[in-house]
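This is what each chain is made of:
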Amino acid sequence: MNLLNELRSRFETALTPFAIDPAPFAAMVKPTQDAKFGDYQANCCMPLAKQRGENPRELAAKVVAALDVAEFCEPPEVAGAGFINLRVRPEWLQEQTNALIANTRLGVEPVAQPHHIVVDFSSPNVAKPMHVGHLRSTVIGDALCKILKFQGHHVISDNHVGDWGTQFGMIIYGYKHFLDQAALERDMVGELARLYRLVNQLCDYHDLKPKLPKLQEAVAEKQKTVTEAEGNTIPTDAKKADSLKKQLKKLREQLADAQADLESAQSKCAAVEGDATLKALADGHPKIVVESRLETSMLHAGERVNRELWQRFVPECLEAIQRMYDRLGVNFDHTLGESYYDPLLKSVVEEMQAKGLARESDGAVCVFNAGFEAPFIIRKRDGAFTYATTDLATIKYRVQEFQADLILYVVDSRQSEHFVQLFDTARQWGYTGVELQHVKFGTILGKDNRPYKTRSGDTVGLESLLDEGVANARRIVDANDDRKEGGPVLDEAARARVAEAVGLGAIKYADLSQNRESDYVFDWERMLATTGDTATYMQYAYARICGILRKGDVDREALRVDGKIVLEQPAERALAIKLLQFGEALDQASFEFRPNFLTAYLFEAANTFSTFYAKCDVLKAATPELRTSRLLLCDLTARMLQQGLGLLGVETIEQM
RNA sequence: GCACUCGUAGCUCAAUUGGAUAGAGCAAUGGACUUCGGAUCCAUAGGUUGUAGGUUCGACUCCUACCGAGUGCACCA
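Residues numbered from 1 in each chain as written. Chains lettered and ligands numbered in written order. Predicted model: local features only at pLDDT ≥ 70, side-chain atom pairs only at ≥ 80, totals over all residues. Heavy atoms only, no water.

**Student:** Lay out the protein's contact with RNA strand B in plain terms, naming residues and giving numbers.
**Tutor:** The local shell around RNA strand B holds 77 residues, among which Lys 30, Glu 338, Lys 380, Arg 544 and Glu 592 are the closest. The sugar-phosphate share of atoms of RNA strand B within 4 Å of the protein amounts to 58%. Separating a base nitrogen of RNA strand B from a backbone N or O atom of Asp 362 is a distance of 3.2 Å. The backbone of Asn 515 places a nitrogen or oxygen atom 2.7 Å from a phosphate oxygen of RNA strand B. (Near = heavy atom within 4 Å. Polar contact = N/O pair within 3.5 Å; in protein donor to acceptor, adjacent residues only side chain to side chain.)

So this is what it looks like as structure tokens:
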């Protein structure tokens, strides 16, 4: 039973005589922040009393009189400004905890109205190796899928891979001109990545080189205005002086921006010019920008050679990506890349035009959404479609084929505007029955607090990141096992398994435990930490429980059949109530798609268990009944931790 | 120029969406029966929630201005 929901429903009944629409007031029942206020509190009487022009405490007393919660709670108390505090009755708590024993879903009831939810996440570009930037989308998206599925929704995970864009033209161009045949045979994906980087670098060079004088000019000009502004005498009027100071600051910022642009362009050009081989390649391919773009449009047009190359490359690239997913334990129901929607794009544009939603502007076909200066371009001047077009087609497809009533896009928040425009356009197009949600997350920043961008050189590949995490965990596993009293208990294979689970768990947890919307600084230490609020802490709690059950030679199945839980100590009671709140934590996590609510709950639960463990003897309990009761609490905690961590994509191990 | 996001303990982050005395972890300090697994537990210290106003019973949360950091803005996705 979900107690919170039950209490809310009881409040709704009790509030009916006092409010026209009691539901929002009933929703103001919440778990307390402080145990001294009981277990749950209702905050509805203050706003409601205001609305009715009554005294909040008096209203609270009336609501309490009308409230029927005697089954679960001690008599409610009115406190403070008009709060109603609820304390769960010990007998009820004990009864409910006992009911969890035989419940395979740990008391989590499936949702009453399951939705068809498409979760669009990870979406790497198949032409480039995955890097840290893909981690957040992959880890958060996967956790959301698992949570929503466990809650009873019909979840469809879809990896919208980038397999159709300009980067493929670059690879094809590279293949035709710079291929190292031996390398291709040895490691196709690696060679394709090299070709992509090379062509990209040469394109950058040809793109930027002619712009250098202009950039230099811009810097000189900004420099001049700054110098001039600096020469101005400061007015005595404080207000004017202030505004002048501000202006100067802005000018300096503009100068700094121009300088940064110039430096970035210069360093890219210098990288090519400083390398005789690269310079020769650049000189030999002056039209590489145009021609690699041409390769892309030839691919799209169905030109035979390019199409064959594409058909040969994509499966290999997908396989390489799949290895990463296998390691991370991530599954997709579908991998429908951009290419999949190509046949639908033409008709999408035509339909938009026919409906009068899109019109031509400057040669491109655009949707002009109210409140936006920039148009939403669905066909470029050269006739090619954009990702806006693909995204629209994808919505259509998902509604038709998957009966989606909710689509989640687990994508970097920098793309917010794109999604606002996309959703706006889709609604005008007629897709009003499907809820579209940008589940945005913050940017990973570098140590300089600037967005962590993948420039050649400081890219942290995803694979090496995972390896680093596992290696770090391995050092800790070794140290701990060697230090064990009776000598090491793990063999080589077991240590490797534990290190994998702990290392990957640490990395995933670092991402999931943070509010997804805030940026964070990429930090090895934080990602690989294994003490405090980390996955390791929960994994350890789980392994400790398994250790107890092992040592006590406990048959868990038999224990569940005829054992009974008796709650006496405060630590036992605290643990029991935590266990009963698993479903509430899942509700919170899925309400606005925030896995950090689940991580917070699991950490609290593991912490509550550790306290219980420190205060209450289990195997050495005073009576056999008490021992059984506590063993059952251990068993339940282990089951919940395993389930909860599993929903986050974090593995549990019995011995570590 | 226009738009959006964010400023919370020394550091990294929470805060159940307007509720009671703003909470965790890390780092620091002090403690835990000769450990049912010490990768643990308990305690102490650490705050004018960027600044100034406003809204109200009540504000980290909503509004206004300012300061500071960042992101996006016509044919790359």
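**Student:** Let's hear about the environment of Leu 262: which residues, and what values?
**Tutor:** With respect to the helices and strands, Leu 262 occurs in helix H11 (residues 238-273). Residues Leu 262 and Pro 213, 49 residues apart in the sequence, show an inter-C-alpha distance of 9.3 Å. In this view, Leu 262 contacts Leu 212, Leu 215, Gln 216 and Val 219; residues no more than four positions away in its chain are not counted. (Helix = DSSP H or I, 4+ residues; strand = E, 2+ residues; numbered from the N terminus. Contact = heavy atoms within 4.5 Å.)

**Student:** Talk me through the sheet that holds strand E7 (residues 358-361); I want residue IDs and the actual numbers.
**Tutor:** Taken together, 3 strands build an open sheet; the order of strands is E7-E8-E9 and the sheet is antiparallel. The strands lining the two open edges of the sheet, one partner per strand, are E7 and strand E9 (376-379). Across the sheet, the axes of successive neighbouring strands diverge by a mean angle of 45°, strand direction being ignored. Of the strand pairs in this sheet, E7 and strand E8 (residues 364-367) are connected by 4 bridges, and their pairing is antiparallel. Bridged to Ala 358 within E8 is Val 367. (Pairing = 2+ DSSP bridges. Axes fitted to C-alpha atoms, helices over the stretch in contact; angles between N-to-C directions.)

**Student:** Which residues make up the domain arrangement of chain A, and what values go with them?
**Tutor:** Domain boundaries assigned for chain A yield domain 1 (3-88), domain 2 (116-162 + 344-445), domain 3 (166-308) and domain 4 (462-647). Here the C-alpha centroids of domain 1 and domain 2 sit 42 Å apart. (Domains from an automatic or database assignment.)

**Student:** With reference to specific residues and values, describe the pairing of strand E10 (residues 406-412).
**Tutor:** Burial within E10 is extensive, with 7 of its 7 residues counted as buried. For strand E5 (residues 116-120) and E10, the ladder comprises 4 bridges, and the chain directions are parallel. In the sheet register, Ile 117 faces E10, and the bridge partner there is Leu 406. Taken together, E10, helix H17 (residues 416-429) and strand E11 (residues 435-441) constitute a β-α-β crossover, and its handedness is right-handed. (Buried < 20%, exposed > 50% of the residue type's maximum accessible area, 1.4 Å probe, protein only. Right-handed = clockwise from strand over helix to strand, strands pointing away.)

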